[in-house]
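Read off the chains here:
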Amino acid sequence: MVMTVKVKKGKDIEKFISGAAADKNLADETEQKTFLLRIKKSLWKAAKIKAQQDEVSLHDWIIDAIAQKLG
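Analysis parameters
- Residues numbered from 1 in each chain as written.
- Predicted model: local features only at pLDDT ≥ 70, side-chain atom pairs only at ≥ 80, totals over all residues.
- Heavy atoms only, no water.
- Helix = DSSP H or I, 4+ residues; strand = E, 2+ residues; numbered from the N terminus.
- Patch = residues over 30% accessible without salt bridge, like charges linked within 9 Å, V, L, I, M, F, W, Y side chains within 5 Å.
- Areas by Shrake-Rupley, 256 points an atom, 1.4 Å probe, with all protein chains shown as cover.
- Salt bridge = Lys/Arg side-chain N within 4 Å of Asp/Glu carboxyl O.
- Buried < 20%, exposed > 50% of the residue type's maximum accessible area, 1.4 Å probe, protein only.
- 1 Å grid on protein atoms, 1.4 Å probe; cavity = no way out; pocket = protein on both sides within 12 Å on 5 of 7 lines; lining within 4 Å.
- Points joined across faces, edges and corners; volume = space filled by probe spheres on them.
- Nonpolar A, V, L, I, M, F, W, Y, C, P; charged D, E, K, R; others polar.
- Expected span 1.5 Å × (residues − 1).

### Considering unusual backbone geometry
Here E55, not a glycine, exhibits a phi torsion of approximately 60 degrees, which is positive. As for its placement among the helices and strands, E55 is situated in the loop between α3 (41-53) and α4 (58-70).

Now the structure itself:
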């Protein structure tokens, strides 16, 4: 009696994404980049106050401000 064994090939994620019918830019949206930001203390304090007024973290407030500026 002869038995065959099915071999699974390793998946290449880039090949999988490039062949997908879904939005290919979705992978870019999940990537993140760290950026050290050096600003004057007075600007930092003003941004912190605005973030507190909006009831969000300073991080989220800065990200939103950049996104609004970019359109």
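On we go.
### Concerning a nonpolar patch on the surface
Taken together, F35, L37, I39, L43 and W44 make up a surface patch of nonpolar side chains, about 520 Å² in accessible area. Here L43 shows up in helix α3. Assessed through its relative accessible area of 51%, L43 is described here as exposed.

### Here's the deal with the layout of surface pockets
A water-sized probe, rolled over the atoms, reveals where empty space remains. Reported here for the largest pocket is a volume of approximately 460 Å³. Lining the largest pocket are 14 residues, and of these K33, F35, H59, I63 and I66 lie nearest its centre. At seven residues, the largest contribution of residues to the lining of the largest pocket is made by α4. Of the residues contributing to the lining of the largest pocket, the split by class is 10 nonpolar, three polar and one charged. Size it by volume and the second largest pocket reaches roughly 150 Å³. Around the second largest pocket sit L37, I39, L43, A47, W61, I62, A65 and I66, which together line it. The set of elements that each furnish at least two residues to the lining of the second largest pocket consists of α3 and α4. Per-element accounting of the lining of the second largest pocket gives the leading share, four residues, to α4. Here the residues of the lining of the second largest pocket are counted per class, giving eight nonpolar, no polar and no charged.

### Brief notes about α3
A rise of 1.5 Å per residue sets the reference length of α3, with its 13 residues, at 18 Å; its end C-alpha atoms lie 18 Å apart and thus fit the reference within 8%. Of the residues flanking the end of α3, it is E55, one or two places downstream, whose phi is positive at about 60 degrees.

### With respect to the environment of I62
Position of I62 relative to the elements: it lies in helix α4. Note: C-alpha distance between I62 and A51 (11 residues apart in sequence) is 8.4 Å.

### Quick notes on α4
Under the 1.5 Å per step criterion, the end-to-end length of α4 is 18 Å for 13 residues, consistent within 8% with the ideal 18 Å. Looking at the residues trailing α4, positive phi occurs at G71, about 95 degrees.

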